[in-house]
Amino acid sequence: MALIVQKYGGTSVGTLDRIRNVAARLKRTRDAGNQVVAVVSAMSGVTDGLIKMARDLTANPSERELDVLLATGEQQSIALVTMALQHMGVDAVSITGGQAGIFTTGSHTRGRILNMDPSLMRQFLEEGKMLVVAGFQGISPKGMIHTLGRGGSDLTAIAVAAALKADVCQILTDVDGVYTCDPRIVPNARKLPEISYDEMLEMASSGSKVMQSRSVEFAKKFGVVFEVRSSLNDNPGTLVLEEHPNMENVVIRGVSIERSQARVTITGIPDEPGMSGRILGALGEAEINLDMIISNIAHDGFARHSFTMPSSDLGKAQAALKPVIAALGSDAKVETEGGVAKLSAVGIGMRSHCGVAATMFKALGAAGINIGMISTSEIKIAVTVDETRIEDAARVVHNAFGLDKPPA
Ligand code: ADP
Ligand code: ASP
Ligand code: MG
């Protein structure tokens with residue numbers, strides 16, 4: 001008998017009919033002779049609705065209380081899915097993240113998994129029950145509720161699969177798998193049969209929200225092979241796994257976009273040791289995640305730094321930078337620019353192929369799309385462009401790498 005973990009996202013449990021569909025799929029999987037553990041998200045829109053209510057009450061809701069509030073979204077859906085299963089005659093039981101033994105650490109709203117105690121889950125499974133686990137939540141060693149960051153039910157599923165040493169882990173969602181680009185943006189994007197952890201991680205952290213990036217990190221660390229597939233059909237999905245030699249034949253696996261970015265440029269920085277540490281240190285203390293960081297060679301004794309961050313962090317960044325900039329002297333200035341988006345091309349094949357950046361830049365140039373900042377890693381090339389051109393840019397780069405056609 002195989003143990004199968006299936007995670008259903010918000011759209012997949014978004015209505016009562018969808019919940020019935022999920023219950024029927026879970027029953028079918030169990031009737032095929034498997035032990036089944038479901039992990040479910042809040043119904044689509046519920047988490048956003050709860051956040052909105054909190055923010056309508058107060059501009060700065062306490063993060064502890066936000067966790068208490070947001071965790072209720074998943075509690076609604078586990079109870080409803082379990083009721084639908086019971087109605088179909090399945091012996092199922094719902095459990096919260098804490099009851100599933102997901103112990104967390106770190107800040108509220110951004111909890112990290114510290115360890116897992118799957119004993120209650122095992123006990124229920126031994127009793128022959130199907131489990132329906134609340135995604136997105138865990139409990140601190142002191143018993144406080146933590147949520148795991150947006151999209152965090154993916155992390156719950158991977159962690160539960162690792163803790164129970166599941167035979168199969170499936171992430172069931174509203175697309176058939178991981179595509180060469182978000183199919184809502186590039187209609188001729190192709191479903192990938194497989195993708196390496198590192199590529200999935202880079203794509204997820206550069207805007208392909210089909211998987212939460214931290215969940216991919218966790219899967220890589222614990223060697224959890226998982227499949228992303230549709231909750232609405234039985235088409236084969238995309239396997240996410242450790243890379244193997246054949247994977248390097250493909251230069252670019254996929255393209256991601258991330259909107260609503262802002263660029264901050266600091267000019268007039270004295271060209272002295274310790275300046276970057278002071279500036280980036282202040283932003284780090286304010287818990288701002290910088291993305292691209294570019295520093296120019298100093299000119300006339302002054303250096304210049306530019307970085308990108310989500311636009312929503314801009315206010316916080318400006319406040320954190322104010323005292324630092326004042327201390328750098330009267331030449332130091334901060335300029336900010338919103339309306340920026342980022343385009344990334346990702347592929348482990350980049351390590352062994354040349355001219356990849358040139359292909360991307362030429363294609364964007366030919367389409368009249370201006371490149372702002374550029375950054376590269378071993379398996380990613382990222383550029384910023386004007387947000388109004390980001391969808392064109394994605395299509396142009398997708399075509400330039402022939403991603404609409406199966407690899408030769
Ligand atoms: P769930 O609610 O199931 O967690 P998400 O909305 O988090 O689903 O993720 C699925 C969505 O991710 C898809 O509807 C799709 O628009 C988007 N997406 C972004 N990039 C990709 C990609 N490369 N491949 C597939 N889907 C993608
Ligand atoms: N409900 C949470 C969110 O909307 C977690 C999830 O769906 O994975 O981010
Ligand atoms: Mg998701």
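Residues numbered from 1 in each chain as written. Chains lettered and ligands numbered in written order. Predicted model: local features only at pLDDT ≥ 70, side-chain atom pairs only at ≥ 80, totals over all residues. Heavy atoms only, no water.

Trainee: For this particular structure, what's the right way to read the pairing of strand S14 (residues 293-299)?
Mentor: For a regular strand, the rule is simple: side chains alternate between the two faces of the sheet. Here S14 runs beside strand S15 (residues 302-310); their pairing, made up of five bridges, is antiparallel. Within S15, the position partnered with Asn296 by the bridge is Arg304. Where S14 hands over to S15, the hairpin turn is made up of two residues, of which Asp300 adopts a positive phi near 50°. (Pairing = 2+ DSSP bridges. Helix = DSSP H or I, 4+ residues; strand = E, 2+ residues; numbered from the N terminus.)

Trainee: Which parts of the structure should I look at to understand the site of ligand 2?
Mentor: The local shell around ligand 2 consists of Ser41, Ala42, Thr47, Glu74, Phe136, Arg150, Gly151, Gly152 and Ser153. Contact distances for ligand 2 include 3.4 Å between an oxygen atom and a backbone N or O atom of Gly152. Within the shell around ligand 2, the residues separate by chemical class into two nonpolar, five polar and two charged. (Near = heavy atom within 4 Å. Polar contact = N/O pair within 3.5 Å; in protein donor to acceptor, adjacent residues only side chain to side chain. Nonpolar A, V, L, I, M, F, W, Y, C, P; charged D, E, K, R; others polar.)

Trainee: Which parts of the structure should I look at to understand the packing of helix H6 (residues 197-205) against helix H7 (residues 213-222)?
Mentor: For any two helices packed against each other, one specifies the crossing angle of their axes together with the interaxial distance. At a closest axis distance of 8 Å, the pairing of H6 and H7 adopts a crossing angle of 165°. Relative to H7, the element H6 is oriented roughly antiparallel. The crossing of H6 and H7 is left-handed. Note on element contacts: H7 touches H6 through Ser213, Val216, Glu217, Ala219 and Lys220, opposite Tyr197, Asp198, Met200, Leu201, Ala204 and Ser205. Classifying every residue of the contact of H6 with H7 by side-chain character gives six nonpolar, two polar and three charged. (Axes fitted to C-alpha atoms, helices over the stretch in contact; angles between N-to-C directions. Parallel < 35°, antiparallel > 145°, perpendicular 65-115°, else oblique. Left-handed = near helix turned anticlockwise from the far one by under 90°. Contact = heavy atoms within 4.5 Å.)

Trainee: Just to check I follow, could you spell out helix H11 (residues 390-400) for this structure?
Mentor: Three or four residues apart is the spacing at which side chains of an α-helix point the same way, because the helix has 3.6 residues per turn. If you check which residues of H11 are buried, you get Ile390, Ala393, Ala394, Val397 and His398. One side of H11 carries all its buried residues, which in axial view fall inside an arc of 130°. Directly beyond the C-terminal end of H11, a positive phi value near 60° is found at Gly402. (Buried < 20%, exposed > 50% of the residue type's maximum accessible area, 1.4 Å probe, protein only. Arc of directions from axis to C-beta.)

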